[in-house]
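Residue-level structural notes
Residue strings, one per chain:
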Amino acid sequence: MKHAAHRASARRGAGVGSWSTGRSSGVTQAAGIEGLDDALAAKLNQVAPRTRRSIRLAAKASARRSHIMTGSALTVLVGAAASSMAVSQARGDWSLPLADSVAINLVTPSSSAGSSSANGDARVSRSDYRQPLPTASQRNEGSWELGESELDAGQMSKSLADNPVVAVLMDTNRSVLPSGFNPNHATGDAGNVYEFSQCTWWAYVRRHQLGLPVGSHMGNAKDWSGSARSLGYWVDNTPRNVGDIVVFQAGQEGSDSTYGHVAIVEKINPDGSIVTSECGAIMNGKTYSRTLSNVHAFSYIHY
C-alpha cells in the first residue's frame, strides 16, 4: 500500500500542466481518462499554463532564429554587392583610385588586442599615419572675376533692334553709332506709293529687297534726308553699308534741278568710292549704276 500510494502521487504530479494520450507517461491514467484523442490532448496542452522555464526556452529559441536570419541577410547583401563590383570592374566602367597622400594601415585583430591589453586601453587601434586636412589657403576655391575692361553696352545692340538686318549692321557700326540712337524708331512705311520707274520708286523697292526700313511719304528726292531725320533714321555724310540711300540735292551730279535724286549704295570700294544702283523716269523700270568718288558731298540714310 505504501508503494502504491507513492506511485499514485507520482502519477498525479506528472500530470500537472500537460496532457497526453494513454501511450505516453500515463498522465491520462492519473486523470482517470482512457483513450484520449491525440488532437484533443494537443489542444489541451496548448492552453495549459506555461512555466517559467518554458518561457525562457521559447525566448532563447526566438533570439537564435532572429540572429540566424540577420546573419543570412547580411551574407546575401555582401555577396550581391561583391558580385556587382566584380562585374563593373570587369567591364571597366569605374575605378576608385587612391589619393597619393593617403596611407592605409590594416590592423589585425591579434595586434589590436595585444596593443589594448599591453597599454590597458580598450580604444580601437588607429593608423600610424594620418594626412592632415588642407588649410583654407591650400584649398582650391573657385572665384568669378570680371575682366579689367568694363562691359561694352554697345556689344548688346542686337537685342535692341527689332529688325534683324538692322541688328547686324548695328554690330558693324557700333563704334560710330550716334549717342542715344533708337533702332526701333518709326519707319513711315505704308507701302510703295511712289510713281513707277522714278528714282524714289526704285529706292523703296531696293531697300525692301535688302530688308532695310524706308518711308512711303519722304517727299521729293532732295527732301529725303530731312524727312528721314525727323522719323529717327541715322543720317550723315559717310557711306557705311550696302543699302544706304544716297541723297543728291537739286542739280548735284546731274540730278534734276527741281526734285533732286536718290540712289542706293551697292558697293563700297577699298579706296572709299561707291558703286550705285539707280533708276529714272526714262528707264522704264530698268536700273543703271555708276561709281562716285566725292562720297562726302552727299547725304546717306542708313537705318
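Structure report, in brief. (Residues numbered from 1 in each chain as written. Predicted model: local features only at pLDDT ≥ 70, side-chain atom pairs only at ≥ 80, totals over all residues. Heavy atoms only, no water.)

Attention now goes to the overall build of the protein. Within the protein, the secondary structure is distributed over eight helices and six strands. When its helices and strands are written in sequence order, the protein yields α-α-α-α-α-α-α-α-β-β-β-β-β-β. Considering the protein as a whole, with its 303 residues, one finds that 25% of them fall into the buried category. Sequence separation of 24 or more characterises 53% of the internal contacts of the protein that already satisfy a separation of 6 or more. Counting only carbon and sulfur atoms, one obtains 55% of the accessible surface of the protein, whose full area is about 20800 Å². (Helix = DSSP H or I, 4+ residues; strand = E, 2+ residues; numbered from the N terminus. Buried < 20%, exposed > 50% of the residue type's maximum accessible area, 1.4 Å probe, protein only. Contact = heavy atoms within 4.5 Å. Areas by Shrake-Rupley, 256 points an atom, 1.4 Å probe, with all protein chains shown as cover.)

So, about unusual backbone geometry. Here Ser 197, not a glycine, exhibits a phi torsion of approximately 75°, which is positive. Relative to the assigned elements, Ser 197 resides in the loop between helix H6 (164-172) and helix H7 (199-209). Positive phi is not limited to glycine here, since Asn 284 has a value of about 55°. With respect to the helices and strands, Asn 284 occurs in the loop between strand E4 (274-277) and strand E5 (291-292). The class of Asn 284 is exposed, set by a relative accessible area of 59%.

Per the counting criterion, the structure on display carries four salt bridges. The residue Arg 206 makes a salt bridge to Glu 266 at a minimum N-O spacing of 2.9 Å. Note that Arg 206 is positioned in helix H7 and Glu 266 in strand E3 (residues 261-268), a separation of 60 residues in sequence. Using a relative accessible area of 18% as the deciding quantity, one classes Arg 206 as buried. For Glu 278, the salt bridge identified is with Arg 290, shortest N-O distance 2.7 Å. Of the two residues, Glu 278 is situated in the loop between E4 and E5 and Arg 290 in the loop between E4 and E5; the sequence distance between them amounts to 12 residues. Given a relative accessible area of 24%, Arg 290 falls into the partly exposed group. (Salt bridge = Lys/Arg side-chain N within 4 Å of Asp/Glu carboxyl O.)

As a further point, take the pairing of E3. Inspection of the sheet shows strand E2 (residues 245-248) paired to E3 by four bridges, in the antiparallel sense. Bridging across to E3, Val 247 finds its partner in Val 262. Where E3 folds back onto E4 in an antiparallel hairpin, the turn is made up of five residues, including Gly 272, whose phi is positive at roughly 95°. (Pairing = 2+ DSSP bridges.)

Disulfide: a covalent bond formed between the sulfur atoms of two cysteine residues. Enumeration over the complete set of coordinates arrives at zero disulfides. Free cysteine Cys 199: the closest other cysteine sulfur is in Cys 279, separated by 8.4 Å. Since its relative accessible area comes to 10%, Cys 199 is described here as buried. A residue is classified by how much of its surface remains accessible, and Cys 279, at 1% relative accessible area, is buried. (Disulfide = S-S within 2.5 Å.)

Here we come to helix H8 (residues 224-231). Regarding H8, the residues found buried are Trp 224, Ser 225, Ser 227 and Ala 228. On an axial view of H8, the arc spanned by its buried residues comes to 165°, and they lie on one face. For H8, the elements touching its buried residues are H7, strand E1 (235-236), E2, E3 and strand E6 (299-301). At the C-terminal side of H8, Gly 232 shows a positive phi close to 110°. (Arc of directions from axis to C-beta.)

Glancing now at the sheet that holds E2. Across the sheet, six strands lie side by side as E1-E6-E2-E3-E4-E5; this open sheet has antiparallel pairing. A single partner strand is all that each edge strand has here, and the edge strands are E1 and E5. Running over the sheet, H7 touches E2, E3, E4 and E6 and is turned about 40° from E3. (Axes fitted to C-alpha atoms, helices over the stretch in contact; angles between N-to-C directions.)

Further remarks concern the side chain of Ser 197. Judged by relative accessible area, which is 2%, Ser 197 ranks as buried. Within the structure, Ser 197 has its side chain in polar contact with the backbone oxygen of Gly 280 (distance 2.8 Å). (Polar contact = N/O pair within 3.5 Å; in protein donor to acceptor, adjacent residues only side chain to side chain.)

This part takes up the environment of Val 176. Mapped onto the elements, Val 176 comes out in the loop between H6 and H7. On a C-alpha basis, the gap between Val 176 and Arg 240 in space is 9.9 Å, while along the polypeptide they are 64 residues apart. In this structure Val 176 touches Trp 234 and Arg 240, once residues within four positions along its chain are discounted.

Right, let's talk about the packing of aromatic side chains for a bit. Tallied over the entire structure, the rule returns six aromatic pairs. Taking the centre distance of 5.9 Å and the plane angle of 65° together, the rings of Phe 181 and Tyr 303 count as edge-to-face. Placement of the pair is Phe 181 in the loop between H6 and H7 and Tyr 303 in the segment after E6, with a sequence separation of 122 residues. Plain terms: the ring middles of Phe 248 and Phe 298 are 4.8 Å apart, the flat faces sit at 55° to each other, and that makes the pair tilted. Placement of the pair is Phe 248 in strand E2 and Phe 298 in the loop between E5 and E6, with a sequence separation of 50 residues. On the accessibility criterion, Phe 248 (0% relative accessible area) is buried. Each member of the aromatic cluster is reached from another via a ring pair, and the members are Phe 181, Trp 234 and Tyr 303. (Phe/Tyr/Trp six-rings, centres within 6.5 Å; stacked < 30°, edge-to-face > 60°.)

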